[in-house]
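These are the residues of each chain, in order.
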Amino acid sequence: MSVSGSSVELEIGGMTCASCAMRIEKKLNKLDGVAATVNYATEKAKVTVPAGYEAAQLIAEVEKAGYTAAVPAPKNAKTTEATDADPELASLRQRLIISIILTVPVIAMAMIPALQFTYWQWASLALAAPVIVWGAWPFHKAAWTNLRHGAATMDTLISMGTLAAFLWSLYALFLGSAGMPGMTHPFEFTLSRSDGTANIYLEVGAGVTMFILAGRYFEKRSKRQAGAAMRALLELGAKEVSVLRDGVETLIPVDDLQVGDEFIVRPGEKIATDGVVVSGTSAVDASMLTGESVPVEVGPADAVTGATVNAGGRLVVRATRVGTDTQLAQMAQLVEDAQTGKAEVQRLADRISGVFVPIVIGIAVVTLAGWLIAGFPTAAAFTAAVAVLVIACPCALGLATPTALLVGTGRGAQMGILIKGPEVLESTRKVDTVVLDKTGTVTTGRMALVDVVPEPGTDADELLRLAGALEDASEHPIAQPIAKAATARVGAAQVGTLPSVESFANLEGRGVQGVVDGHSVIVGRESLLADWGLALSPAVAEAKAAAENDGQTVVAVAWDGAARGILIVADTVKPTSPEAIAQLKKLGLHPILLTGDNEAVAGRIAADVGIDEVIAEVLPKDKVDVVARLQREGKVVAMVGDGVNDAPALVQADLGLAMGTGTDVAIEASDIALVRGDLRSAADAIRLSRKTLGTIKSNLFWAFAYNVAAIPVAALGMLNPMLAGAAMALSSVFVVGNSLRLRAFR
């Protein structure tokens, strides 16, 4: 396959850490005219190439670096379902479970002398060997790949440490005195030289493997969220569609729909694809795509978008775009592009290991050479060198990130905050700007009755009672909040239920009429009243104009040949939003309101909650551009949203927070999900994330500090296995204890 002079995407396999991504990137960038970025989190490469380049050339180059590459299959709901299972994740889970079952008894026997029965050391060998060889196989394989390319990563240290501990234990068991019946590891903390042949280190090899596998498994699981955003987006669309062919209605899969086909959309159904209305009128709820809180009235010749919901009457639509050309598919591509282009966050452990690994290997080699040159026995020299590798193998490092993450995310879950992975935490420390979607985030996202303005001489309760009864018979989205408010008012006044309606008629796109309590009632647009020769009084007309200037929706009411007043409906601010904005400002963040709604609505909402900067009337693609522009200006941006239209911007942002009351797509695309739908959770999430990151950093420091302090002791040959085990246990206990402090977060 030849690729044009633009960009090609590759799926990369076999990466185990951020340094793998850097190596592939360097390899590809050495090719003439090629510019590549490799994202470790999404396991994808985006490569800009000159015209005439073969994708096979790029794949071959990646394979030379020791990894796999492939051109992704076309994205649709079927392919995402097919690739939903992750064999690598399943394999990791299997290795982890078996390693835990086999390792726990090994560690218990090595650390508790009371459990050391006559042949306990051979039982330890039988249990530990599968863990160190099979369980740690991914680390050995990655270490070998790195070695062939002259590189050293965490995998190198893990592989060398576990194999050194294992091979030395085999030597001590078969050729030394460790295999003798009745051998024990006494519980003592003395520094003394020995030739090492009476000591085994099986618990170290198996324990390190188990802890690092646990860390890798949780990391891999969180990385899969990137793909879940794409699957959730494609799942939003309709699956089947009723097509009109030669006047006959036929149900077909939506993938078989062609441009020019006419299809039927009944009330409550999703519109199958982008198209133009041929016949029928309705209100379409497009809030999940556009963020616009008010349903849009559509009629013949109006454009409609796939995956939006028909909230009113029956429509016949002609398809204008299908498959990858639709707005939903383009939005999926925006999410994908934002994920691939996201700044790579290298794990702290990998950064440190880039320096730490070569130094430790160097110390081990110098130790071996030093002892031999000094004339000590070969066994003693090897004991000291192996002790260096064993003590340097970072057991606590395997716990440093997972335990803090486990406790931090567990505490978050109790508070309704779901943090999706270690990379998320680094972003929270630097965030200085928070971009907030309006509908469903700052506001409730639901229309509610906010005011009743009666004409002089008309009772406000009567106005709402009669209008509410009529609207209760309507299916229109704006009718529902009026009927709900009327029902609540009647209930509060304890006067029974809303009166029944006779001769109800729905006047398409204009309003409703009917007989309520003997009155001929009309509810709808002002133009509907004008058709009956009715007009609002100057005072009420002025109230109507003021409400519409604020972006609110106004419904006029008349009965018995006279205008009786207006009902004002609007999306309302969540009661907790002003307090949430104050908390975000206290954290040093600058809030910006970003919405697809009009300027008037956005300005009113921003003023209500205390936001000074507003960016309104933006399309989904523009939301991504706004976030990217802020990032280019040097700002570190958090984005809070809840709709499909927010998903690409949530991914583009340095930190994406989704309201749990929103769509699955937004939740999947985010870094943090806020289950309660309360904006105050966003401030809590940022505080908790910063606290968790601080804990991870202190864990990493101490995990390395214990090892670094013990290396000179090991190099001098004065480290007995009990002391080595105790040092490892102590560093692990400290790391776990430090992480558990997060449970007290408020």
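Thresholds, definitions, all that
- Residues numbered from 1 in each chain as written.
- Predicted model: local features only at pLDDT ≥ 70, side-chain atom pairs only at ≥ 80, totals over all residues.
- Heavy atoms only, no water.
- Helix = DSSP H or I, 4+ residues; strand = E, 2+ residues; numbered from the N terminus.
- Buried < 20%, exposed > 50% of the residue type's maximum accessible area, 1.4 Å probe, protein only.
- Contact = heavy atoms within 4.5 Å.
- Areas by Shrake-Rupley, 256 points an atom, 1.4 Å probe, with all protein chains shown as cover.
- Pairing = 2+ DSSP bridges.
- Core = buried A, V, L, I, M, F, W, Y, C linked by side-chain atoms within 4.5 Å.
- Salt bridge = Lys/Arg side-chain N within 4 Å of Asp/Glu carboxyl O.
- Axes fitted to C-alpha atoms, helices over the stretch in contact; angles between N-to-C directions.
- Parallel < 35°, antiparallel > 145°, perpendicular 65-115°, else oblique.
- pLDDT = per-residue confidence, 0-100.
- Expected span 1.5 Å × (residues − 1).
- Arc of directions from axis to C-beta.

Undergrad: So what exactly am I meant to see when it comes to the overall build of the protein chain here?
TA: Helix and strand counts for the protein chain come out as 27 helices and 28 strands. Burial statistics for the protein chain: of 746 residues in total, 53% are counted as buried. For the protein chain, the share of sequence-separated contacts (at least 6 apart) that also reach a separation of at least 24 residues comes to 70%. Put simply, the protein chain shows about 30600 Å² of open surface, and 59% of that area lies on carbon and sulfur atoms.

Undergrad: Sorry, what's going on with the pairing of strand β22 (residues 553-559) here?
TA: Put simply, side chains in a regular strand alternate between the two faces of the sheet. Burial analysis of β22 places 7 of its 7 residues in the buried class, the great majority of the element. Of the two faces of β22, the one lined by Thr 553, Val 555, Val 557 and Trp 559 and the one lined by Val 554, Ala 556 and Ala 558 are each fully buried. For β22 and strand β23 (residues 562-573), the ladder comprises 7 bridges, and the chain directions are antiparallel. Along β23, the bridge assignment pairs Val 555 with Leu 567.

Undergrad: For this particular structure, what's the right way to read the nonpolar core?
TA: General note: in soluble globular proteins, nonpolar side chains tend to be found buried as a group. Core analysis: the largest hydrophobic core is formed by 43 residues, its most contacted members being Leu 436, Leu 657 and Ile 672. Sort the elements by how many residues they give to this core and helix α26 (residues 680-715) lands first, with 8 residues. Once you skip the residues sitting within four places of it in the chain, Ile 672 turns out to touch Ile 417, Leu 418, Ile 419, Val 424, Leu 655, Gly 656, Leu 657, Ala 658, Ala 685 and Ser 689. In this structure, Ala 165, Ile 212, Ile 391 and Ala 715 belong to the second largest nonpolar core, which totals 32 residues.

Undergrad: Before we go on, may I ask you to explain the pattern of salt bridges in this structure?
TA: Scanning all chains against the criterion turns up 19 salt bridges. For Asp 517, the salt bridge goes to Arg 465, with nearest N and O atoms at 2.7 Å. With Asp 517 in the loop between β20 (511-516) and β21 (519-524) and Arg 465 in helix α17 (residues 460-472), this residue pair connects regions lying 52 residues apart in the sequence. Across the pair Lys 623 and Asp 646 runs a salt bridge whose closest N-O atoms are separated by 2.7 Å. Taken together, the residues Lys 623 in helix α23 (residues 620-632) and Asp 646 in the loop between β26 (637-641) and α24 (647-652) connect sequence positions 23 residues apart. A relative accessible area of 0% places Lys 623 in the buried class. When salt bridges that share partners are traced, they join Asp 437, Lys 623 and Asp 646 into one network.

Undergrad: Mind showing me how you'd approach the sheet that holds strand β17 (residues 433-437) here?
TA: Two strands in a sheet stick together by hydrogen bonds in their backbones, pointing the same way (parallel) or opposite ways (antiparallel). On the basis of which strands lie adjacent, the open sheet formed by 7 strands has the order β16-β28-β27-β26-β17-β24-β25 and mixed pairing. The open sheet is flanked by β16 (417-419) and β25 (613-615), the only strands paired with a single partner. For this sheet the average axis-to-axis angle between neighbouring strands, irrespective of direction, equals 20°. As paired elements, β16 and strand β28 (residues 672-674) share 3 bridges and run antiparallel to each other. Within the sheet, the bridge partner assigned to Leu 418 lies in β28 and is Ala 673. α23 rests against β17, β24 (590-594), β25 and β26 of the sheet, and its axis sits at about 160° to β26.

Undergrad: What am I meant to see in the sheet that holds strand β2 (residues 7-13) here?
TA: If you trace the 4 strands from one edge of the open sheet to the other, you get β3-β4-β2-β6, paired in antiparallel fashion. Of all strands in the sheet, those with a lone pairing partner are β3 (35-39) and β6 (68-70), marking the two edges. Between one strand axis and the next, the sheet turns through 25° on average, direction left out of account. Relative to β6, β2 runs antiparallel, the two sharing 3 bridges. Note on β6: the bridge partner recorded for Gly 13 is Thr 68. Along the sheet, helix α2 (residues 55-64) makes contact with β2, β4 (44-48) and β6, crossing β6 at roughly 165°.

Undergrad: In this structure, what is going on with the environment of Gly 509? I would like to understand it.
TA: If you trace the backbone, Gly 509 turns up in the loop between β19 (501-507) and β20. On the basis of relative accessibility, which here comes to 33%, the residue Gly 509 falls in the partly exposed class. For the pair Gly 509 and Gly 299, spaced 210 residues apart in sequence, the C-alpha to C-alpha distance is 8.3 Å. If we skip the residues at most four places from it in the chain, Gly 509 touches Glu 297 and Arg 525.

Undergrad: Any chance you could explain the packing of helix α21 (residues 577-586) against α26 here in plain terms?
TA: Orientation of α21 relative to α26, taken along the N-to-C sense of each, is 25°, at an axis distance of 7 Å. When the axes of α21 and α26 are compared, the pair comes out roughly parallel. Residues Glu 579, Ala 580, Gln 583 and Leu 584 of α21 lie in contact with α26, whose contacting residues are Arg 680, Ala 682, Ala 683 and Ile 686.

Undergrad: Got a minute to help me understand the confidence of the model for the protein chain in this structure?
TA: Reading fine detail from the predicted coordinates is not recommended where pLDDT is low. With 83% of its residues at a pLDDT of 70 or more, the protein chain has an overall mean of 80. Taken as a whole, residues 77-84 scores under 50 in pLDDT and shows 10 contacts with residues more than four places along the chain or in a different chain. Under a pLDDT of 50 for its full length, residues 341-346 has, in the predicted model, 17 contacts with residues more than four places off or in other chains.

Undergrad: Sorry if this is basic, but what is going on with helix α20 (residues 538-549) here?
TA: Helical geometry note: an α-helix holds 3.6 residues per turn, so side chains three or four residues apart project in the same direction. Its 12 residues give α20 an end-to-end C-alpha distance of 16 Å, which sits within 8% of 16 Å, the value for a rise of 1.5 Å per residue. The complete set of buried residues in α20 reads Val 540, Lys 544 and Ala 547. The buried residues of α20 occupy one face: seen down the axis, they fall within an arc of 65°. Residues Pro 538, Ala 539, Glu 542 and Asn 549 are exposed on α20 and point more than 90 degrees away from its buried face. Against the buried residues of α20 lie β18 (443-454), α19 (526-531), β22 and β23. Just downstream of α20 lies Gly 551, where phi reads positive at about 80°.

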